[in-house]
Amino acid sequence: MPAPGAPGDVAHARVVSTAPTISSIAEGRGLIDDIDAQLRALLTNRRDLSSQIQSLRQVEGGPRIEHARENRIIASWADELGPRGVEIALAVLTLCRGAASQ
Ligand SMILES: O=C(O)C(=O)C[C@]1(C(=O)O)C=C[C@@H](O)C=C1
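Residues numbered from 1 in each chain as written. Predicted model: local features only at pLDDT ≥ 70, side-chain atom pairs only at ≥ 80, totals over all residues. Heavy atoms only, no water.

(A) Summary view of the site of the ligand. Taken together, the residues surrounding the ligand are Arg-46, Ser-50, Ile-53, Gln-54, Arg-57, Ile-65, Glu-66, Arg-69, Glu-70, Ile-73, Leu-93 and Cys-96. Considering the ligand on its own, with 360 Å² of exposed area, one finds that the protein chains cover 95% of that surface. Listed by contribution, the elements that provide at least two residues to the shell around the ligand are α1 (25–59), α2 (67–81) and α3 (83–97). In terms of residues, the shell around the ligand owes the most to one element, α1, which gives five residues. Its residues assigned to classes, the shell around the ligand comprises five nonpolar, two polar and five charged. (Near = heavy atom within 4 Å. Areas by Shrake-Rupley, 256 points an atom, 1.4 Å probe, with all protein chains shown as cover. Helix = DSSP H or I, 4+ residues; strand = E, 2+ residues; numbered from the N terminus. Nonpolar A, V, L, I, M, F, W, Y, C, P; charged D, E, K, R; others polar.)

The structure is reproduced here in structure tokens:
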């Protein structure tokens, strides 16, 4: 396993909520819609970066999938969000690398 901070390591920093206190449903929904748009943009960037990494590894003769790295990623999501975090991590990985069997 890579040393903390080394390439390949997974950040485990705890994220603290910075959500403001809202005074109406419409305000809250507006903020949620903004967050969802940011999440989609982040996921699009993540998918593109993941695809480039997979291609670089394959050019070097390696496998497209790296299970040890995925396990560290899943663990970081579990640390932060519990069992639902694991589900999200698996969905993110499926979005970014397709089905694991490919
Ligand atoms: O970090 C890598 O080595 C990647 O290829 C990226 C990524 C990911 O999307 O997080 C995708 C496929 C690998 O199995 C592991 C992780």
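There is more to say after this.
(B) Region of the structure containing the packing of α1 against α3. Orientation of α1 relative to α3, taken along the N-to-C sense of each, is 60°, at an axis distance of 8 Å. With respect to each other, α1 and α3 are oriented oblique. Once α1 is placed against α3, the crossing between them reads as right-handed. Contacts between α1 and α3 involve Leu-43, Arg-46, Arg-47, Ser-50 and Gln-54 from the first element and Val-92, Leu-93, Leu-95, Cys-96 and Arg-97 from the second. Classifying every residue of the contact of α1 with α3 gives five nonpolar, two polar and three charged. (Axes fitted to C-alpha atoms, helices over the stretch in contact; angles between N-to-C directions. Parallel < 35°, antiparallel > 145°, perpendicular 65-115°, else oblique. Left-handed = near helix turned anticlockwise from the far one by under 90°. Contact = heavy atoms within 4.5 Å.)

(C) Main features of the nonpolar core. In this structure, Val-10, Ile-73, Ile-74, Ala-89 and Leu-93 together form the largest nonpolar core, which totals five residues. Breaking this core down by element, the ones donating at least two residues are α2 and α3. Discounting residues that sit within four places of it in the chain, Leu-93 has contacts with Arg-46, Glu-70, Ile-73, Ile-74 and Gly-98. (Core = buried A, V, L, I, M, F, W, Y, C linked by side-chain atoms within 4.5 Å. Buried < 20%, exposed > 50% of the residue type's maximum accessible area, 1.4 Å probe, protein only.)

(D) Representation of the environment of Arg-97 within the structure. Tracing the backbone shows Arg-97 in helix α3. As a C-alpha pair, Arg-97 and Ser-50 span 47 residues in sequence and 6.9 Å in three-dimensional space. One polar contact links Arg-97 to Glu-70, side chain to side chain, over a distance of 2.9 Å. (Polar contact = N/O pair within 3.5 Å; in protein donor to acceptor, adjacent residues only side chain to side chain.)

(E) Up close: the packing of α2 against α3. Closest axis-to-axis distance for the α2/α3 pair is 7 Å, and the angle between their directions is 145°. For α2 against α3, the interelement crossing comes out right-handed. On α3, the residues that touch Glu-70, Ile-73, Ile-74, Trp-77, Ala-78 and Leu-81 of α2 are Pro-83, Arg-84, Gly-85, Val-86, Ile-88, Ala-89, Leu-90, Val-92, Leu-93 and Arg-97. Along the lines of polarity and charge, the residues of the contact of α2 with α3 split into twelve nonpolar, one polar and three charged.

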